[in-house]
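Survey of secondary and tertiary structure
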Amino acid sequence: GWQDVSVAFADQGYALVALSPVGARGLDIDRQTADARIALQLAVDGALTPHIDPTKPAIALGGSFTSAIIQRLVQADPERFAAWVTLGGIADGFALAEAFYTDEIQVPPSYALAIPSFGQPNLLPLDILRYSPVYRADHLPPALIIHTAADRILPIEQAYLLADALDAAGVPVETYYYEDVSHYLQIGEEMTAEGQEMFGLVLDFIARYQLGERIGVK
């Protein structure tokens, strides 16, 4: 469902590497990230397209589950990424697990066993820690955090936690919070005025950090 988003950014003159999580990898975020690193390296090496300039800093963008891959990717290769954008993303797996066990979130039936599959957080914390960039915020590049208060799967509190962690670590962070039901960038025939504002905000963020500007505005 991200095709329209990719086309919209390409229309602005950006070269993109569009990735989708591999179902066979399941919730193994390290293997998902390894796949992403390979795909990105192939693109940078010119194996996929001649239109990517490896001398320009990369900007990573992901939402929901993909945000977990993105945050691992930028942590593993900080020299490559000037900044990253997370939309409706995961920030603290422990807080998310607590919200799940207290019925504060609404998990789709197909993902009902995702959080329980990690085991009890107090006994098996490592897998959940991999989904918790708040605990390694000082290893992250500047960020743009976008989240909606209407999200019942990944509550907006996840965004607040990440913004606070980045701010405490001295990492430039910008935030955009909104109220409607859109979980991603809604680009296409159903694009709303809020979606247009969001797209413009992301474009501005990307342009500034690709030009080397390192000033974050909360």
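Reading the values: the criteria
Here the residue index of a chain counts from 1 through its sequence in written order. Note on the predicted model: pLDDT of at least 70 is required for a residue's local features to be given, and 80 or more for side-chain atom pairs to be given and counted; whole-chain, interface and lining totals, by contrast, use all residues. Hydrogens and water are ignored here; the side-chain numbers use all heavy atoms of the structure. A run of H or I in DSSP counts as a helix once it spans at least four residues, and a run of E counts as a strand once it spans at least two, with each numbered from the N terminus. In this setup the radius of gyration rests on C-alpha atoms only. A globule is expected at 2.2 Å times the number of residues raised to 0.38. Note on contacts: a residue pair is in contact if any heavy atoms of the two residues lie within 4.5 Å. What sets the accessible areas is the Shrake-Rupley method with a 1.4 Å probe; for residues, cover comes only from the shown protein chains. Charged residues are defined narrowly, with Lys and Arg counted positive, Asp and Glu counted negative, and His plus the chain ends left uncounted. By convention, charge coordinates are those of NZ in Lys, CZ in Arg, CG in Asp, or CD in Glu. For this analysis, a ring pair means two rings from Phe, Tyr or Trp (six-membered ring only for Trp) whose centres lie within 6.5 Å, classed as stacked if their planes differ by under 30 degrees, edge-to-face if by over 60, and tilted for the remaining angles. Relative accessible area decides the class of each residue, using a 1.4 Å probe on protein chains only: under 20% of the type maximum gives buried, over 50% gives exposed, and in between gives partly exposed. Strands are labelled as partners when DSSP assigns at least two bridges between them. To get an axis, a line is fitted to the C-alpha atoms, and for a helix only the part in contact is used. The angle between two axes follows their N-to-C directions and goes from 0 to 180 degrees. Think of a nonpolar core as a cluster: buried Ala, Val, Leu, Ile, Met, Phe, Trp, Tyr and Cys residues, connected wherever their side-chain atoms sit within 4.5 Å.

**Some words on the overall build of the protein**
Helix and strand counts for the protein come out as seven helices and four strands. Across the protein, helices and strands are ordered from the amino to the carboxyl terminus as α-α-β-α-β-α-α-β-α-β-α. In summary, the protein has a C-alpha radius of gyration of 17 Å against a globular reference of 17 Å for 218 residues, a match within 12%. With the C-alpha coordinates aligned to their principal axes, the bounding extent of the protein is approximately 45 × 35 × 35 Å. In the protein, 71% of the contacts between residues at least 6 apart in sequence involve partners at least 24 apart. For the protein, the exposed area adds up to about 11,500 Å²; of that, 55% sits on carbon and sulfur atoms. A gap of 10 Å separates the mean positions of the 12 positive and 28 negative side-chain charges of the protein.

**Here we look at the packing of aromatic side chains**
This structure, assessed with the given rule, holds eight aromatic pairs. With a centroid separation of 6.2 Å and an interplanar angle of 40 degrees, the aromatic rings of F65 and Y131 are classed as tilted. Linking F65 in helix 3 (residues 65-76) with Y131 in the loop between helix 5 (125-129) and strand 3 (143-148), this pair joins segments that are 66 residues apart in sequence. Seen in terms of ring centroids, Y176 and Y178 are 5.9 Å apart; in terms of plane orientation they differ by 35 degrees. Their pairing is tilted. Summarising the burial analysis for this pair, Y176 and Y178 share the class buried.

**Re the sheet that holds strand 4 (residues 173-178)**
What the four strands build is an open sheet, ordered 1-2-3-4; its pairing is parallel. With one partner strand each, in any of the chains shown, strand 1 (58-63) and strand 4 form the two edges of the open sheet. Across the sheet, the mean angle separating the axes of adjacent strands is 10 degrees when strand polarity is ignored. As judged from the six bridges shared by strand 1 and strand 2 (residues 81-87), these two strands associate in the parallel manner. Residue pairing for strand 2: A58 is matched across the bridge by F81. Across the face of the sheet, helix 7 (residues 193-210) comes into contact with strand 1, strand 2, strand 3 and strand 4 while running at roughly 175 degrees to strand 4.

**Considerations on the nonpolar core**
Of all hydrophobic cores here, the largest spans 37 residues; its most connected members are V74, F81, W84, I145, L162 and L166. Of all elements in the fold, only helix 2 (29-44), strand 1, helix 3, strand 2, helix 4 (93-101), strand 3 and helix 6 (157-168) reach the threshold of two or more residues within this core. Within the second largest apolar cluster, 19 residues are counted, among which are V5, L87, I187 and V202.

**Details of the pairing of strand 2**
The buried fraction of strand 2 amounts to seven of the seven residues, a majority that puts the element mostly inside the structure. Here four bridges tie strand 2 to strand 3, and the two strands are oriented parallel to one another. Bridging across to strand 3, W84 finds its partner in A143.

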